Amino acid sequence: MNEDLNIPQPDPSWDYYITWHTLLKAKSRLDTLIKEISEFEEETATQNEYFEEQLLKIIANLNSTLPKIETE
């Protein structure tokens, strides 16, 4: 069990294990970003660039979880 999050650790042979792990990683990154952004009262261009970069990484990570659909 992942003691930090109190989330049971599934069997790595589970069909959705990689998806589960990717989603959990994205959630962790989002939680971190929310904590970081809450520490600023006013926005700056540098902070905006950083937050945008982090969000794009999270989105790319989530996009990797989408099922790959083969087209004919």
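No experiment lies behind these values; they were computed from the predicted model shown. Once a new chain begins, its residue numbering starts again from 1 and follows that chain's sequence as written. Given that the model is predicted, a residue must reach a pLDDT of at least 70 before its local features are reported, and side-chain atom pairs must reach 80 or more before they are shown or counted; all residues, however, enter totals for whole chains, interfaces and linings. With hydrogens and water set aside, each side-chain value is computed from the structure's full complement of heavy atoms.

Novice: Give a detailed account of helix 2 (residues 45–63), specifying residues and quantitative values.
Specialist: With 19 residues, helix 2 should cover 27 Å at 1.5 Å per step; its first-to-last C-alpha distance of 26 Å lies within 8% of that length. Throughout this description, buried means an accessible area under 20% of the type-specific maximum (1.4 Å probe, protein chains only), exposed means over 50%, and partly exposed covers the range between. Secondary structure follows DSSP: runs of H or I at least 4 residues long count as helices, runs of E at least 2 residues long count as strands, and numbering of each begins at the N terminus. Along helix 2, the residues that are buried comprise Gln-47, Phe-51, Gln-54, Ile-58 and Asn-61. Take helix 2 and look down its axis: the buried residues cluster within an arc of 85°, on one side only. Seen from the buried face of helix 2, the exposed residues on the opposite side, beyond 90 degrees, are Ala-45, Thr-46, Glu-49, Glu-52 and Leu-56. An expected span of 1.5 Å times one less than the residue number is assigned to each helix. Read the arc as the range of directions from the helix axis to the C-beta atoms.

Novice: How would you explain the pattern of salt bridges if you had to name every residue and give the values?
Specialist: Any carboxyl oxygen of Asp or Glu within 4 Å of a side-chain nitrogen of Lys or Arg constitutes a salt bridge here. As enumerated under the stated definition, the model contains two salt bridges in all. The residue Asp-31 makes a salt bridge to Lys-27 at a minimum N-O spacing of 2.9 Å. Of this pair, Asp-31 and Lys-27 both sit in helix 1 (residues 17–37), four residues apart, roughly one helical turn. Given the relative accessible area of 37%, Asp-31 is considered partly exposed. Notably, a salt bridge pairs Lys-57 with Glu-53, separated by 3.6 Å at the nearest N-O pair. Separated by four residues within a single helix, Lys-57 and Glu-53 lie in helix 2, roughly one turn from each other. We classify Lys-57 as partly exposed; its relative accessible area is 38%.

Novice: Break down helix 1 for me, citing the residues and quoting the values.
Specialist: Over its 21 residues, helix 1 extends 30 Å from the first C-alpha to the last, a length consistent with the 30 Å expected when each residue adds 1.5 Å. What helix 1 keeps buried is the set Tyr-17, Trp-20, Thr-22, Leu-24, Ala-26 and Leu-33. Any two residues whose heavy atoms approach within 4.5 Å are treated as being in contact. Packing partners of the buried residues in helix 1 comprise helix 2.

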